[in-house]
Amino acid sequence: MDYDPEDLFRDDDEDNENEFYQLKDATKELAVYLIDASPKMFMPQRKSDDGKEETHFHIVVDSIVQMLRTQIINRSYDEIAVVFFNTRKKKNLQDLNGVYVFNVPEREELDRSTARLIKEFTYVGATFVSKIGSQYGIISGSRENSLYNAIWVGQALLRKGSTKNTDKRILILTNEDDPFGGIHGMTKTDMTRTTIQRAKDAQDLGISIELLPLSGTDQQFNISLFYADLLGLEGEELAQFIPLAGEKFQDMKDQLRKRMFKKRRVRRITFSITEGISIELNTYALFRPALTGAITWLDSVTNIPLKSERSYICADTGALLQESVKRFHPYRNGNVIFSVEELAEVKRLATGHLRLLGFKPLSCLKDYHNLRPSTFLFPSDEEIAGSSCVFVALHRSMLHLKRFAVAFYGSSAHPQLVAIVAQDEIATPSGQVEPPGMHMIYLPYSDDIRHAEEVHTTADNTPCPRATDDQIEKAAALLKRVDLKDFSVSQFANPALQRHYAVLEAFALGEDEMPQTIDETLPDEEGMSRPGIVKVVEEFKTAVYGENHDQEEAEKSKSSGSDASKKRKAVAEQAAKECTNYNWDELADSGKLKDLTVVELKYYLTAHNLPVAGKKEALISRILTNLGK
């Protein structure tokens, strides 16, 4: 029986079908970074801001450190491994030459990022040559192939996890575009063939292999010499690879502290079209609000996450109940007993599947029907063969007839109707902008919609003043002037999240200085002070509030400040007068201050310019301190 007993104890506002409650395993990514440590990677490339010469090796290390810092925030359940190849020392389970797997104690070689890993990897660039060593692992006259060994080690590290619910990647970072350039003849052909075959074997196991090439200041990375065959690139992909790879590497260096939803499948659902016909769909989350991570309670001694367990004790005997708990409902002269499974089945209104109800014209769907961000739907043939064919036929028909589908979807806590709207592909000469598919829009119930009143009234039922044509014209001119071109919410980082994760990062890494966070949501004061914007702002203020608005506001503020000052003075005089009616020293010595009311205690505090906030005990303590008791 398909049931979840935890549904009985879950709050109604917890939607286990919501994209926010994603399964950790379903969104996990396993990545192995293969870093070239050959002497060529240590050749100076450029000077840093402090005048020191930087090498490709140190640039890669710094980039991966930044990636590890941000991974804890935006992909906390992903697992990574860092592997160096072309090394003097070797450290790997296969005992292969020229490959060194970097790790720290109490952590598996492929595991989640930790603070200790980040701290130790930060200094690996300074100690690499002395502790691990660099050397060419592919040289003429030798059968050693460090790149082949590195891919083998990476493939072995990615054996954990199923390809159905994890994404597996091997990323190669190198500035050597022809690793077998120093070898000739059959030896080169044989080593090239075996390395490419090793990469294909890994790809056949569901592991994607990516390359992040590093070009020198005087030499461009030539992808065609070797890695085009290893990655299977040709045509347009080959021409666009270097620019796209450069952008990807720059993104890895300049990552922000963001909670990002990766472009991964959220879950797989079944779409029941009619009796006996169902297709399989993958759902993808679009824009979602960025929230801080959930609190994890840890043991104060071992620092291990705590696991909560529920136990039931008999009220009569005090014994621990071993059997499953049952519920009952009084009916007439007896009780009707329900098991947890039966009650869960009674409460289950939806199975989590998507069930088609019918079609309606697109004109029936309004903007205000969209309750929350939609979910993108795309077909999958993994479990139900032919799903893509049915989905494409339905997609084309809905676009041609300008209809949307109405379906039933949801969990036991949130059953609801949804609108399924087909989206056509949008492409430009530079590539695809929007993919073809369908959007699942969550429709409101009737009481979710609040109709705005056509005539707004005040408390005394008199009509509110309406804007004049001149005021509307001035407002339109103001909005046009301050309009942001090509605005996107993705351009601005959440300052609260930036500060939150900066503090956590500094605490976890034991850093003394707190990183500065920039609030990009603050108004652009320099831009707002431009003459054109100042002019339209003043015109709008004059049209709405009148020419003497600033002067009137200043006089009003001055008058209100004066009235408040007079009121505070009157309260102080009244408190001083009432304070003389009590012998405070005698009350303090006899312990009778506690018999006075809070209002009476505040007479003394106000008369002596002391704070009046807090509970009664705090007020008494403040009085005793002032009296020197």
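1. Here's the deal with the overall build of the chain
Reasoning step 1: Within the chain, the secondary structure is distributed over 17 helices and 19 strands.
Reasoning step 2: When burial is assessed residue by residue, the chain has 34% of its 629 residues classed as buried.
Reasoning step 3: Accessible surface, the chain: about 39700 Å² in total, of which carbon and sulfur atoms supply 53%.

2. Overview of a positive patch on the surface
Reasoning step 1: A contiguous patch of positive charge on the surface is contributed by K480, R481, K485, R530 and K535.
Reasoning step 2: Along the chain, R481 falls in helix α10 (residues 469-482).

3. A word on the sheet that holds strand β16 (residues 415-423)
Reasoning step 1: Here 7 strands make up a closed barrel; going around it, the order is β9-β10-β14-β19-β16-β15-β13 and the pairing mixed. Going from strand to strand, the sheet's axes swing by 40 degrees on average, the running direction of each strand aside.
Reasoning step 2: The sheet contact formed by strand β9 (residues 267-274) and strand β13 (residues 354-361) spans 2 bridges and is parallel. Paired with F271 across the bridge in β13 is L354.
Reasoning step 3: This element, helix α9 (residues 387-401), spans β9, β10 (277-285), β13, β14 (375-379), β15 (403-410), β16 and β19 (437-442) of the sheet and lies at about 70 degrees to β19.

4. Describing helix α16 (residues 598-607)
Reasoning step 1: Those residues of α16 not exposed but buried are L601, Y604 and L605. What you see down the axis of α16 is that its buried residues fit within an arc of 95 degrees, all on one side.
Reasoning step 2: Immediately beyond the C-terminal end of α16, within one or two residues, lies N609, with a positive phi of roughly 60 degrees.

5. Structural notes on the packing of aromatic side chains
Centre-to-centre distance and the angle between the planes together describe a pair of aromatic rings.
Reasoning step 1: If you walk through the whole model with that rule in mind, you get 13 aromatic pairs.
Reasoning step 2: Ring centres 5.9 Å apart and planes at 25 degrees place the aromatic pair F42 and F128 in the stacked group. Taken together, the residues F42 in the loop between β1 (28-36) and β2 (44-47) and F128 in helix α3 (residues 124-131) connect sequence positions 86 residues apart.
Reasoning step 3: Note on Y148 and W152: the rings are 6.2 Å apart at their centroids and 75 degrees apart in plane angle, and the pair reads as edge-to-face.

6. A short note on the pairing of β13
Reasoning step 1: Where β13 and β15 come together, 6 bridges link them in antiparallel fashion. Within β15, the position partnered with G358 by the bridge is V406.

7. Points about the pairing of strand β12 (residues 334-339)
Within a regular beta strand, the side chains point alternately toward one face of the sheet and then the other, so they alternate between its two faces.
Reasoning step 1: The pairing of strand β11 (residues 326-331) with β12 spans 6 bridges and is antiparallel. Opposite K326, over in β12, you have S339 as the bridge partner.
Reasoning step 2: Between β11 and β12, which pair antiparallel in sequence order, lie 2 residues; one of them, R332, sits at a positive phi of approximately 55 degrees.

8. Side note on a nonpolar patch on the surface
Reasoning step 1: On the surface, a nonpolar cluster with roughly 580 Å² of combined accessible area is contributed by L286, F287, L484, F487, V489 and F492.
Reasoning step 2: With respect to the secondary-structure elements, V489 resides in the loop between α10 and α11 (495-509).

The rules behind each value
- Residues numbered from 1 in each chain as written.
- Predicted model: local features only at pLDDT ≥ 70, side-chain atom pairs only at ≥ 80, totals over all residues.
- Heavy atoms only, no water.
- Helix = DSSP H or I, 4+ residues; strand = E, 2+ residues; numbered from the N terminus.
- Buried < 20%, exposed > 50% of the residue type's maximum accessible area, 1.4 Å probe, protein only.
- Areas by Shrake-Rupley, 256 points an atom, 1.4 Å probe, with all protein chains shown as cover.
- Patch = residues over 30% accessible without salt bridge, like charges linked within 9 Å, V, L, I, M, F, W, Y side chains within 5 Å.
- Salt bridge = Lys/Arg side-chain N within 4 Å of Asp/Glu carboxyl O.
- Lys, Arg positive; Asp, Glu negative; His and termini not counted.
- Charge placed at Lys NZ, Arg CZ, Asp CG, Glu CD.
- Pairing = 2+ DSSP bridges.
- Axes fitted to C-alpha atoms, helices over the stretch in contact; angles between N-to-C directions.
- Contact = heavy atoms within 4.5 Å.
- Arc of directions from axis to C-beta.
- Phe/Tyr/Trp six-rings, centres within 6.5 Å; stacked < 30°, edge-to-face > 60°.

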